[in-house]
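Each chain, written out:
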There are 4 protein chains.
Amino acid sequence: MYLFHNDYNMSCHPAILEKVSRGNDRQYPGYGDDDVCHNAAALIRNACSAPEADVHFLVGGTQTNLTVAAAGLRPYQAMLGAQTAHVNVHETGAIEATGHKVETLPSSDGKLTAEQIRERLTLQANDANAEHAVQIKMVYISHPTELGTTYTKKELEAIRQVCDTFGVYLFMDGARLGYALSAWDNDLSLADIARLCHVFYIGGTKLGALFGEAVVITEPTLKTDFRYLIKQRGAMLAKGWLLGQQFEAFFEDGLYFRIGDHANKLADKLRATLSHLGYPLFLPGTTNQVFAVLPDALLEKLEGEFTFMLQEKTDTTHSAVRFCTSWATTEESVDALCRKLESLS
Amino acid sequence: MYLFHNDYNMSCHPAILEKVSRGNDRQYPGYGDDDVCHNAAALIRNACSAPEADVHFLVGGTQTNLTVAAAGLRPYQAMLGAQTAHVNVHETGAIEATGHKVETLPSSDGKLTAEQIRERLTLQANDANAEHAVQIKMVYISHPTELGTTYTKKELEAIRQVCDTFGVYLFMDGARLGYALSAWDNDLSLADIARLCHVFYIGGTKLGALFGEAVVITEPTLKTDFRYLIKQRGAMLAKGWLLGQQFEAFFEDGLYFRIGDHANKLADKLRATLSHLGYPLFLPGTTNQVFAVLPDALLEKLEGEFTFMLQEKTDTTHSAVRFCTSWATTEESVDALCRKLESLS
Amino acid sequence: MYLFHNDYNMSCHPAILEKVSRGNDRQYPGYGDDDVCHNAAALIRNACSAPEADVHFLVGGTQTNLTVAAAGLRPYQAMLGAQTAHVNVHETGAIEATGHKVETLPSSDGKLTAEQIRERLTLQANDANAEHAVQIKMVYISHPTELGTTYTKKELEAIRQVCDTFGVYLFMDGARLGYALSAWDNDLSLADIARLCHVFYIGGTKLGALFGEAVVITEPTLKTDFRYLIKQRGAMLAKGWLLGQQFEAFFEDGLYFRIGDHANKLADKLRATLSHLGYPLFLPGTTNQVFAVLPDALLEKLEGEFTFMLQEKTDTTHSAVRFCTSWATTEESVDALCRKLESLS
Amino acid sequence: MYLFHNDYNMSCHPAILEKVSRGNDRQYPGYGDDDVCHNAAALIRNACSAPEADVHFLVGGTQTNLTVAAAGLRPYQAMLGAQTAHVNVHETGAIEATGHKVETLPSSDGKLTAEQIRERLTLQANDANAEHAVQIKMVYISHPTELGTTYTKKELEAIRQVCDTFGVYLFMDGARLGYALSAWDNDLSLADIARLCHVFYIGGTKLGALFGEAVVITEPTLKTDFRYLIKQRGAMLAKGWLLGQQFEAFFEDGLYFRIGDHANKLADKLRATLSHLGYPLFLPGTTNQVFAVLPDALLEKLEGEFTFMLQEKTDTTHSAVRFCTSWATTEESVDALCRKLESLS
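Residues numbered from 1 in each chain as written. Chains lettered and ligands numbered in written order. Predicted model: local features only at pLDDT ≥ 70, side-chain atom pairs only at ≥ 80, totals over all residues. Heavy atoms only, no water.

J.: Whenever I open this one, the interface of chain B and chain C confuses me. Can you help?
T.: By a widely used convention, the size of an interface equals the accessible area lost when the partners come together. Listed per partner, the contact involves 42 residues of chain B and 43 residues of chain C. Of the roughly 3,800 Å² buried where chain B meets chain C, counting both sides, 54% is carbon and sulfur surface. Three residues stand out in chain B for area buried against chain C, namely Asn24, Gln27 and Lys239 of chain B, and they jointly supply 18% of the buried area on that side. Here chain B is connected to chain C by zero salt bridges. At the boundary of chain B and chain C, one finds 27 residue pairs in polar contact (both at pLDDT 80 or more). (Contact = heavy atoms within 4.5 Å. Buried area = accessible area lost by both parts, 1.4 Å probe. Salt bridge = Lys/Arg side-chain N within 4 Å of Asp/Glu carboxyl O. Polar contact = N/O pair within 3.5 Å; in protein donor to acceptor, adjacent residues only side chain to side chain.)

Right, dumping it as structure tokens:
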């Protein structure tokens, strides 16, 4: 059985495990205030060309999102995201439980456009009864999105410009950031992202870590007392060095990018086969998530042998499904899937 | 200047003021635990044919909505309402500040249909990853809606049936309930509403009280410790008898219904004139809110003399506007408005 | 039956009722944005010699306290108050429901001392693990306190100085402020209080209003978007002018101070009788709350004829009780109580 | 340098690391719904003789405490704990941020007595104004306490009885539970604890896991939808099997108890030496935390060579300090410390 249903179905990349294992013979101060975390943070600041950035390591994505919300929003302020935003649909109302509304905009590909955001914030700015509605203060984007799409540098610059016009923070959820940074058509460096976002995070869990997300804060007003919030939300790992070790492994010698590259290339191979066989993509993409529309009859025959995720029924006989590759996906498993698709077509 | 922009622009109906004034010569126990409140609650239970109902008096609508949310929802549970729902758009995120997401369904007339709710709850019931999303546990409807429309008995019965199927509470925001109960085409008595809703409130502020909303709880699980929540949310009036006095005035001799009838009849008169002049209604309705589409040129000429609320631009030369009548609207002011409309047409 | 158990057991002072009644014949804009509220705010700014202050009118004390907490505290920040503080013991956890801890200091008379606060904040400032505890950011004092005691100008200046040293807000709950301002030994003017507190409120409910508290904000960082918070917490009265009318009545011609003076003088009379009869005060005081220690046998004989509040048992045969006077207390009722005490002694 | 300042300053016990490492070659379903977690839960249910219990694995203690609070408390309900309770002093107000007050009782040794709890709950039950205060609904105890003390079976039975009398949940924070279970004077089995607590957790982080706490819920009303809360609070680990693997290692062959036993014996050795040298214990104890009162002059000489935690100054020349042992503490390091103490005495 080959598992393509997500990119977090194995523990971790061997280099991560080795790093953690080798770290088992010494003692550390707790709560992330240790030399390993400090070094990992320095590596990340360097990779981001952001010497002034604050870097914090948290365990998972939902807790990262809600902690950033708590840091950046006053009680009556809201996040603005796409209807498909992870914070809107897959975190059991974590942002609302922190007290904040998630306002949404329609999106067919998981992305927001600068123009959409401008329209929405212009409405807010012109609303004579604004105080009867929440006040949008943070734009949430994911990159890659939940639908595998990515932003270009030009798009991100335009979004940031709108945010600046309206005094709103730009927050990027980078749970799968490594895949975007390694896509063949990517033109956004970590330094660009650090320059264009007030805060973002570099996802570890979905890139081959046991767990862990690195929050990078460049906006000074968001830095204040961030560790109080991490602790209060239960997101401060006692043995914080475990996070530091994993991000050292990622950023010491480019592993983070190699993992992204590996997974993307295998996804590209699958996309090429699908295209060759005439199966349309549900959404375009160049990262590790492949969304394709396939006949239900074919999908039934895949089951038993390959796993994938059902996205939605597209008509009575077809469905959009997602195949994910990861650091752990082998070329042979993708070849096996491609051959199976060919044989069934 | 005649004010038609809302139904809460004067203090209160003279009978209310008289009641409050006459109550100024005696002493009372505090926090709503007095004979006046007890009597007002009894009058309401009687009007609702709901001898087992709990009745609580709160000052305003937003605090009532958030207190009911706090009573009925566990932290991961959500309200479901129309996109136009007051809790969604005009309460500055009060429900989210209480920790709960407001899920919405599209609606062109402010109403939800049983079928829409069934579809949404069926999706939830069939979602294998349900615990990654909020759990809808309360359906929020307003009656009349924010757009002046109302539910029929058949519609409300259908909605309740769906709620029962899925184990979800039905909550009616009755900020303008008196207008619905007095509409010429109404077939829903207070007793019907008490039977069909788990909890609802009888609005006072918009019906001619100084302030005040009477929450009626028929569902036993929602009754427990409700007063703790009222107090915690700052919604327990120290001099609670002031609320009791006003609801006594409303329900001792049918004043609540007479006020609704008065305002509705004047609104009907305005609707008739608009129809006669060929101006379309933006939305149908039989209560005190008249939504009409009028030429911008005409509206400009009304300004200075009559107030109204802009709802939205409908095309480059027309707008939908709202005229509200109330207990305080005089027949002569409506006649003046009608004559003006005629003279401008 | 003479009611001395609290100072909010009658509706309102006749001048308040007259003001509200006379305001019943005109129309107003909603939500406190009307000429009456603007005028009342100007009167208060003037009385406070604080032309730059923001003034907001809310309905009750608990909602005022929680709204100020929401305005001044980030999620991990706490209020510091006496163990007897109203926010700590009589608001059903309203501050905690807003997300904030109420840290307490011991106090036998309801007051905090500058020295206590300095010690506590010094501990916090020197705590190497500070981020594992809440961060005190607001000092809450009540004046008069829940135990009827008051601060002197020197004491308040010392507290403010400590607050400035540690960058902490000073918030005064003035639910009974009028009684403090009118006490014979008072040396704190409204202008002093406005200068020494970052935010405070002028209580109406307990001074003879139907309801209403006027928040005065002098600290700029607390002013931002305060109305969003009022609305979100359900504390924005639709017919806001009702609050404006009452505070106009209070501050147009000194009524607020005359009411305080009236009640204090009657309380002084009662204190004099108690002293003359040899009954000790439970706590000293010069405002409208009289805390006395009396034999249980005597108290039993008072019941039926006079109400009062049990504070606590002081030994097996005595109890501390509270008698409250108010705008509504007549000299003859106090005389009756004094004669009764004399006859029973 | 020997580190005795806490029990979580090394990564993990070798058996844990081996288990995690060996699990790196296979794929798993996410979010703790995998065979490893199911097996670990079964092992724990078995160890607790609680076949009906629900077992959930969370990453850390603070998030566990706040998730249990969210599960068991309605908005106006509070936890009751000792003033020294971890939830009260070392979690940055996590419980309050979840909306709930932590009520405290004085305690010199970190424990609550059944009698204290009974008195407090009796006051609550008899309070005519109960709805103006929070309602205590959950008693929080830690075992061992933050001060290294433990409960006996008799004490725990008495506490549970009081909880039953008043309809209050009993929650045990077992962050260091393994040390209590392995103490030489322990008479409480896991089965006793499962029988006497409505909910408790078995701490992993402080017993030699990389991270992880296993919540055991025996009370049916606390079980409902617990996973929604875990997810909402950001406490659901994507690669949940990592938690399962570690608790499998703990409970497959008694490792959890052996680790406790190892650390306790070394702590006993240190206590014996201190006693022999005439240094008083600050608090009695039989688990891995040793609280001793030592001369400041001596402590200064220990520094550079041994770490420990300062608890408090006890007089001008002495301090109470804590030495912690753990799975990682070697006999030779304790011997070195003992010799050093001897040589300095």
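J.: Explain the relation of the copies chain B and chain C to me, please; I cannot follow it from the model alone.
T.: One copy of the chain maps onto the other through a rotation about an axis followed by a shift along the same axis. In the superposition of chain B on chain C (RMSD 0.0 Å, axial shift 0.0 Å), the rotation amounts to 180 degrees. The operation mapping one copy onto its partner corresponds to a two-fold rotation axis. Comparing interface residues between copies, 100% of those in chain B also sit at the interface in chain C, which points to an isologous, same-surface contact. (Least-squares fit on C-alpha atoms with pLDDT ≥ 70 in both.)

J.: Quick question: what am I supposed to make of the sheet that holds strand S11 (residues 309-315) of chain C here?
T.: Hydrogen bonds between backbone atoms are what pair the strands of a sheet, whose relative direction is either parallel or antiparallel. All names here are of chain C. The strand order across the open sheet formed by three strands is S9-S12-S11, and the pairing between neighbours is antiparallel. Taken across any chain shown, the strands that pair with only one partner, and hence form the sheet edges, are strand S9 (289-295) and S11. For this sheet, the mean angle separating the axes of adjacent strands, direction not counted, is 25 degrees. Where S9 and strand S12 (residues 318-324) come together, seven bridges link them in antiparallel fashion. Note that in S12 the partner of Pro295 across the bridge is His318. Contacting S9 and S12, helix H13 (residues 255-277) runs over the sheet at an angle of about 25 degrees to S9. (Pairing = 2+ DSSP bridges. Helix = DSSP H or I, 4+ residues; strand = E, 2+ residues; numbered from the N terminus. Axes fitted to C-alpha atoms, helices over the stretch in contact; angles between N-to-C directions.)

J.: When you look at the nonpolar core in this model, what are you seeing that I'm missing?
T.: A general tendency of soluble globular proteins is for nonpolar side chains to be buried together. With 132 residues, the main nonpolar core has Phe200 and Ile202 of chain A together with Phe200 and Ile202 of chain D as its most contacted residues. Those residues in contact with Ile202 of chain D that lie beyond four places of it in its chain are Ile44, Gly174, Leu177, Leu190, Gly212, Glu213, Ala214, Val216, Phe247, Phe251 and Tyr256 of chain D. Formed by 130 residues, the second largest nonpolar core is a distinct cluster that contains Val55, Met172 and Cys197 of chain B together with Ile259 of chain C. (Core = buried A, V, L, I, M, F, W, Y, C linked by side-chain atoms within 4.5 Å. Buried < 20%, exposed > 50% of the residue type's maximum accessible area, 1.4 Å probe, protein only.)

J.: Hey, could you run me through the packing of helix H6 (residues 114-126) of chain D against helix H7 (residues 153-166) of chain D in this one?
T.: Packed helix pairs are characterised by how far apart their axes lie and by the angle those axes make with each other. Residues and elements named next belong to chain D. Look at H6 against H7: their axes get within 9 Å of each other, and the N-to-C directions meet at 10 degrees. Judged on the interaxial angle alone, H7 and H6 are roughly parallel. Where H6 abuts H7, its residues Ala114, Ile117, Arg118, Leu121, Thr122 and Ala125 lie against Ala158, Ile159, Val162 and Phe166. Considered class by class, the residues forming the contact of H6 with H7 number eight nonpolar, one polar and one charged. (Parallel < 35°, antiparallel > 145°, perpendicular 65-115°, else oblique. Nonpolar A, V, L, I, M, F, W, Y, C, P; charged D, E, K, R; others polar.)

J.: Help me out: how do you make sense of the environment of Thr64 of chain D in this one?
T.: Residue and element names in this part refer to chain D. Considering the arrangement of structural elements, one finds Thr64 in helix H3 (residues 61-72). On a C-alpha basis, the gap between Thr64 and Gly212 in space is 9.6 Å, while along the polypeptide they are 148 residues apart. With residues up to four places along the chain from it excluded, the contact list for Thr64 reads Leu58, Tyr201, Glu213 and Val215.

J.: Any chance you could explain the interface of chain A and chain D here in plain terms?
T.: If you look at the interface, chain A gives 42 residues, while chain D gives 43 residues. Between chain A and chain D lies a buried interface of about 3,800 Å² when both sides are counted; carbon and sulfur atoms form 54% of it. Ranking the residues of chain A by area buried against chain D places Asn24, Gln27 and Lys239 of chain A at the top, with a combined share of 18%. Taken together, chain A and chain D are joined by zero salt bridges. Going through the elements one at a time, strand S1 (2-3), helix H1 (14-22), helix H3 (61-72), helix H5 (94-97), helix H11 (226-232) and helix H12 (241-252) of chain A are the ones with two or more residues in the side of chain A that touches chain D. Considered class by class, the residues forming the side of chain A that touches chain D number 21 nonpolar, 15 polar and six charged.

J.: How do you make sense of the sheet that holds strand S11 (residues 309-315) of chain D when you look at a structure like this?
T.: All names here are of chain D. Here three strands make up an open sheet; going across it, the order is S9-S12-S11 and the pairing antiparallel. Looking along the sheet, the strands with just one partner apiece sit at the ends: strand S9 (289-295) and S11. Neighbour-to-neighbour, the strand axes of this sheet turn through a mean angle of 25 degrees, independent of strand direction. Two elements, S11 and strand S12 (residues 318-324), share five bridges in a ladder whose sense is antiparallel. Bridging from a neighbouring strand, Lys313 pairs with Ser319 of S12. The sheet strands contacting helix H13 (residues 255-276) are S9 and S12, and the helix crosses S9 at an angle near 25 degrees.

J.: Whenever I open this one, the pattern of salt bridges confuses me. Can you help?
T.: A pair can form between side chains of opposite charge whenever their charged atoms are brought close. Residues and elements named next belong to chain A. Here the structure, examined in full by the defined rule, presents 84 salt bridges over all chains. Across the pair Lys153 and Asp192 runs a salt bridge, and its minimum N-O distance is 3.5 Å. A residue pair is termed long-range when its members are at least 10 positions apart, and Lys153 in helix H7 (residues 153-166) and Asp192 in helix H9 (residues 190-196) qualify at 39 residues. Judged by relative accessible area, which is 27%, Lys153 ranks as partly exposed. According to the relative accessible area criterion, Asp192 is buried, its value standing at 10%.

J.: Honestly, the packing of aromatic side chains in this entry has me stumped. Any pointers?
T.: One pair of aromatic rings is described through two measures. These are the centre distance and the angle between the planes. Summed over the entire model, instances satisfying the criterion amount to 62 aromatic pairs over all chains. Three or more aromatic residues link up through ring pairs in this structure, and these residues are Phe57, Phe247, Phe250, Phe251, Tyr256 and Phe257 of chain A. The cationic tip of Lys137 of chain A hangs over the ring face of Tyr169 of chain A; the distance from NZ or CZ to the ring centre is 5.2 Å. The positively charged end of Lys111 of chain B is found above the aromatic ring belonging to Tyr151 of chain B, 5.3 Å away from the centroid. (Phe/Tyr/Trp six-rings, centres within 6.5 Å; stacked < 30°, edge-to-face > 60°. Lys NZ or Arg CZ within 6 Å of the ring centre and 35° of its normal.)

J.: Looking at this structure, how should I read the domain arrangement of chain A?
T.: Residues and elements named next belong to chain A. Along its sequence, chain A is organised into domain 1 (12-255) and domain 2 (256-344). Measuring from the centre of the C-alpha atoms in domain 1 to the corresponding centre in domain 2 gives 28 Å. Of the residues lining the interface, 33 residues belong to domain 1; the matching set on domain 2 comes to 22 residues. Summed over both sides, the interface between domain 1 and domain 2 buries roughly 2,200 Å², with carbon and sulfur atoms accounting for 59% of that surface. Among the residues domain 1 hides against domain 2, the three largest losses belong to Leu147, Tyr179 and Leu255. Together they make up 27% of the total. For the pair domain 1 and domain 2, the number of links is one salt bridge. On the surface where domain 1 and domain 2 come into contact, there are 15 residue pairs in polar contact (both at pLDDT 80 or more). Taken together, the elements giving at least two residues each to the side of domain 1 that touches domain 2 come down to helix H8 (177-181), strand S7 (199-203) and H12. (Domains from an automatic or database assignment.)

J.: Quick question: what am I supposed to make of the relation of the copies chain A and chain D here?
T.: The operation relating chain A to chain D is a screw motion whose rotation component is 180 degrees, with 0.0 Å of axial translation and a residual RMSD of 0.0 Å. When the interface residues of chain A are mapped onto chain D, 100% of them again lie at the interface, so the same face is used by both copies.

J.: Help me understand the pairing of strand S7 (residues 199-203) of chain D in this model?
T.: The side chains of a regular strand alternate between both faces of the sheet. Residues and elements named next belong to chain D. Among the five residues in S7, five count as buried, and that is most of the element. Here S7 shows two buried faces, one formed by Val199, Tyr201 and Gly203 and the other by Phe200 and Ile202. Direction of pairing for strand S6 (residues 169-173) relative to S7: parallel, over a ladder of two bridges. Paired with Phe171 across the bridge in S7 is Val199. Where S7 meets strand S8 (residues 213-217), five bridges bridge the pair, whose relative direction is antiparallel. Among the inter-strand pairings, Phe200 is bridged to a residue of S8, identified as Val216.

J.: Whenever I open this one, the pairing of S12 of chain C confuses me. Can you help?
T.: Among the seven residues of S12 of chain C, six are classified as buried, and the element is accordingly described as predominantly covered. Between S11 of chain C and S12 of chain C, which pair antiparallel and follow one another directly, the connecting turn spans two residues.

J.: Is there a simple way to explain the confidence of the model for chain A in this structure?
T.: When pLDDT drops low, the exact placement of atoms in the prediction is not to be read closely. Put simply, chain A has an average pLDDT of 97, and 100% of its residues get 70 or more. Complex prediction metrics read pTM 0.97 and ipTM 0.96. (pLDDT = per-residue confidence, 0-100.)

J.: Teacher, can you tell me more about helix H12 (residues 241-252) of chain D here?
T.: The α-helix advances 3.6 residues per turn, and as a result positions three or four apart in sequence lie on the same side. Residues and elements named next belong to chain D. Over its 12 residues, H12 extends 15 Å from the first C-alpha to the last, a length consistent with the 16 Å expected when each residue adds 1.5 Å. When we look at burial in H12, the residues that qualify are Trp241, Leu242, Leu243, Gly244, Gln245, Gln246, Phe247, Glu248, Ala249, Phe250 and Phe251. Directly after H12, the chain includes Gly254, whose backbone phi takes a positive value near 85 degrees. (Expected span 1.5 Å × (residues − 1).)

J.: Got a minute to help me understand the environment of Tyr169 of chain A in this structure?
T.: Its place among the elements puts Tyr169 of chain A in strand S6 (residues 169-173). In this structure, Tyr169 of chain A is in contact with Gly72, Lys137, Met138, Val139, Cys163, His198, Glu219, Thr221 and Leu222 of chain A, ignoring residues within four places of it in sequence.

J.: Explain unusual backbone geometry here, please?
T.: The bulk of non-glycine residues show a negative phi, and the bulk of peptide bonds are trans. His143 of chain A connects to Pro144 of chain A through a cis peptide bond whose omega is 0 degrees. Note that Pro144 of chain A resides in the loop between strand S5 (135-142) and H7. In this model, Ser49 of chain D sits at a positive phi of 45 degrees, which is unusual for a non-glycine residue. Relative to the helices and strands, Ser49 of chain D resides in the loop between helix H2 (35-47) and strand S2 (54-58).

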